Amino acid sequence: MTENLLEVKNLHTHFFTENGVIPSVNGVSFSVKKGEVIGIVGESGCGKSVTSLSILQLINKPGKIVEGEIRFHEKDLTTFSEKEIRKIRGNKISMIFQEPLTSLNPVFTIGHQISEAIRLHQDVDKKEAKQRSISLLRKVGMANPERQYHAFPHLLSGGMRQRVMIAMALSCNPELLIADEPTTALDVTIQKQILKLMKNLSNELNTSIILITHDLGVIAEMVDRVVVMYGGEIVEENDVYSLFENPKHPYTKGLLNSTPKIHQLKEKLQSIEGNVPTPDQLPSGCNFQDRCPFAMDKCRELSPNLVASTDGSSVRCWLHQEKEVVNV
Amino acid sequence: MTQQVQKKQSLMKAPLLEVKELSKHFVVSTNLFGKPKESVKAVNGVNLSLKKGETLGIVGESGCGKSTMGNTILRLIEPTKGSIFFEGQDVLNMTSTQLQKMRKEVQMIFQDPFSSLNPRMRVFDIIAEPLRTHKAAVGKELQQRVYELLNLVGLDHSQANRFPHQFSGGQRQRIGIARAIALKPKLIVCDEPVSALDVSIQAQILNLLLELKEKLQLTLIFIGHGIPAVKYISDRIAVMYMGEIVEMADKESLFANTRHPYTQGLISAVPIPDPSLREVSEQVILEKDLPDQRNLPKGCSFYSRCPFATEKCKGQKPELKANEEGHLVACHYPLHA
Ligand SMILES: Nc1ncnc2c1ncn2[C@@H]1O[C@H](COP(=O)(O)OP(=O)(O)OP(=O)(O)O)[C@@H](O)[C@H]1O
Ligand SMILES: Nc1ncnc2c1ncn2[C@@H]1O[C@H](COP(=O)(O)OP(=O)(O)OP(=O)(O)O)[C@@H](O)[C@H]1O
Ligand code: SF4
Ligand code: SF4
Ligand SMILES: [Mg+2]
Ligand SMILES: [Mg+2]
């Protein structure tokens, strides 16, 4: 078995607001192997971004990691000082966000920003940094990179800006790339280009990727393993083929059934009843009980554990607590 | 046949909405004398007609003119050129009484349920507002009607006294829909009504629209980024590119016999939620980004990105033409010909 590059263990991240504690992430555990592409999927507010920001130690007040470990190369990042974490962030682990315009500084050229990112972590002179930036821009498919080097962010299209973000994220050959909804704001045509680019790069450089999205189509095309989150917890984890072929958790099933598909004839879409819960109004017992067509009395009283089965999947549901299992 | 029956029959056959050579050009800069120097041809010579009871989907990349077209049909913005007929009446030359009547019969649902509802108004008043404005109901009857509407969109009348921020995104969209159907409209233009919603909630709203369409005999224009959702809800689909309709057909035909290279690229870019089809679906056809809309090419608007373009395409604009099945395409060399 290949070693784990990253291990998130029992992560709890809460926000201590004036109106009380918001338990955004509650006991999330998963791991990422070298070169592996992991997808995290789930509805708005289920804790996807908070999980990824926790990995990079980017949770600011009033938020706090209250429990858990983030092991990167076996070292727990939660124990790192700000100075130590800066050596990792943007270097060994980098991140791209949904809206590239807010992550780019409008007053500097994109070339300047990529060069600075390179020089922050690597001992190279300005000229060398410029050369590398231009070759990165070429690598992410920018036409005429020598000229684009001098362009300001607002002059570029959304797709071009996201390419710049990817170039910047790759500037230090990261071992892990966290992409939080990298294509949600883009047209499908541009999304296709960006996803292909990310995939090629991960194949070529053996970069591990955590891809966060709510689009099951993107998951199906891109990732090796899928983590499904609901209400701050992981409710199911499996390899991508098994998850789509044989979803086990009622929420995963509901999500697949409510996704319209262009490659199939029209059947009535099944929706999941009810609304997406916010973390401060989660029920006791199973988080999904109010929307679950299979809910039983037990579900209202006790929270099911995430249980790993011998086939490599994990599910958090009273319907799937088989006998031969290992608790995680 | 009596004259009346004849008239009725021709009315039934007549399209509910007819749009002819519709254009909207936004002036983005003027010269020294205040004359337009540069303009964006957001909508450029669009023709379409809508039968009663059908749902027409509109798809295309961001900026291709979908919203501008919807807004122009509703006369929320004035077109630069062209004409619009609603139930045979010329919308652009209506008397104010006629216009007021049309404003009742044509409604709109927006993408962003957060900003399209007045945050200081209670849900009851939000839904009652159009009924009050058009003096459609008062007092007890008004209350009853609002409760009925809440019920129709799957909300409870106990929620009538709450404010929009006390609802989730999907619930707010339901409120927007209740408001839009309050005056029993004939046509609703839905501009990306599910784009901002979670997947599980999108399906709820799509099914609600389908159900209401049946129940209230609505005709819908459904604008959307999400091609799978548009396919699900529509009977016919128009594909827009840079202000023009480049292909329009029944949805089965559009997907099974795609004729325009742009439509083909657009459809092939949609990620398929089935990992076993990964290899099959992995082909990017549209490599380039949209060109600058201020300098439209003389010939085919898709020329700069088309893998099949020839010299003819560069100089000569293809017209939107139908084949025997009524499948319309604007291309000199349509696929599946
Ligand atoms: N700074 C903060 N203060 C208070 N609550 C917060 C803060 N940041 C996040 N939360 C809450 O934590 C929960 C999880 O948020 P998160 O951003 O991780 O969701 P997400 O899964 O990324 O959703 P989306 O798909 O909308 O991006 C949400 O309910 C959110 O309101
Ligand atoms: N008021 C305006 N002034 C100038 N240009 C405008 C105006 N409104 C729209 N445009 C331009 O017209 C074109 C069409 O815009 P429109 O909003 O109709 O596109 P759309 O297809 O609805 O895009 P999206 O999918 O992003 O909603 C775009 O290039 C846009 O920038
Ligand atoms: S534990 Fe019960 S309520 Fe929760 S998902 Fe399983 S069956 Fe449904
Ligand atoms: S007319 Fe020519 S350039 Fe335009 S879509 Fe057809 S083949 Fe392509
Ligand atoms: Mg997020
Ligand atoms: Mg629009």
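It should be emphasised that the depicted structure is a prediction, and the values quoted were computed from it without experimental measurement.

A. The packing of helix α4 (residues 123-133) of chain B against helix α6 (residues 169-181) of chain B, seen in detail. Residues and elements named next belong to chain B. Where α4 meets α6, the axes come as close as 7 Å, and the angle between the chain directions of the two elements is 25°. Between α4 and α6, the angle is such that the two are roughly parallel. Classified by chirality, the crossing of α6 by α4 is right-handed. Residue-level contacts link V123, I126, I127, E129 and P130 of α4 to I175, A178 and R179 of α6. By residue class, the composition of the contact of α4 with α6 is six nonpolar, no polar and two charged.

B. Region of interest: the domain arrangement of chain A. Residues and elements named next belong to chain A. What the domain assignment lists for chain A is domain 1 (4-92 + 172-327) and domain 2 (105-171). For domain 1 versus domain 2, the separation of C-alpha centres amounts to 30 Å. Domain 1 puts 18 residues into the contact, and the matching count from domain 2 is 13 residues. Three residues stand out in domain 1 for area buried against domain 2, namely C172, L197 and L201, and they jointly supply 37% of the buried area on that side.

C. Looking closely at the interface of chain A and chain B. Contacts between the two partners involve 46 residues from chain A, matched on the other side by 43 residues from chain B. Across the chain A/chain B interface, buried area totals approximately 3700 Å², and carbon plus sulfur atoms make up 58% of it. Contact with chain B buries surface across chain A, with T189, K192 and I262 of chain A losing the most and accounting together for 19% of the total. Joining chain A to chain B, the criterion identifies zero salt bridges. Linking chain A to chain B there are 18 residue pairs in polar contact (both at pLDDT 80 or more). If you list the elements that add at least two residues to the side of chain A that touches chain B, you get α8 (188-205), α9 (216-222) and α10 (240-245) of chain A. The leading source of residues in the side of chain A that touches chain B is α8 of chain A, at eight residues. Counted by class, the side of chain A that touches chain B contains 18 nonpolar, 15 polar and 13 charged residues.

D. Geometry of the pattern of salt bridges. Counted according to the given criterion, the structure contains 24 salt bridges over all chains. Of the charged contacts in the structure, one is a salt bridge between E43 of chain A and R291 of chain A, with a shortest N-O distance of 3.3 Å. With E43 of chain A in the loop between β3 (37-41) and α1 (48-55) and R291 of chain A in the loop between α11 (250-257) and α12 (297-301), the pair connects residues that are 248 residues apart, well separated along the chain. R305 of chain B is the partner of E61 of chain B in a salt bridge, and the nearest nitrogen-oxygen pair spans 2.9 Å. You can see E61 of chain B sitting in the loop between β3 (55-59) and α2 (66-73) and its partner R305 of chain B sitting in the loop between α11 (278-281) and α12 (311-315), a full 244 residues away along the chain. Taken as a pair, E61 of chain B and R305 of chain B share a single burial class, namely buried. Here the residues in one salt-bridge network are E87, K101, E105 and K186 of chain B, joined through shared partners.

Calculation notes
Residues numbered from 1 in each chain as written. Chains lettered and ligands numbered in written order. Predicted model: local features only at pLDDT ≥ 70, side-chain atom pairs only at ≥ 80, totals over all residues. Heavy atoms only, no water. Axes fitted to C-alpha atoms, helices over the stretch in contact; angles between N-to-C directions. Helix = DSSP H or I, 4+ residues; strand = E, 2+ residues; numbered from the N terminus. Parallel < 35°, antiparallel > 145°, perpendicular 65-115°, else oblique. Left-handed = near helix turned anticlockwise from the far one by under 90°. Contact = heavy atoms within 4.5 Å. Nonpolar A, V, L, I, M, F, W, Y, C, P; charged D, E, K, R; others polar. Domains from an automatic or database assignment. Buried area = accessible area lost by both parts, 1.4 Å probe. Salt bridge = Lys/Arg side-chain N within 4 Å of Asp/Glu carboxyl O. Polar contact = N/O pair within 3.5 Å; in protein donor to acceptor, adjacent residues only side chain to side chain. Buried < 20%, exposed > 50% of the residue type's maximum accessible area, 1.4 Å probe, protein only.

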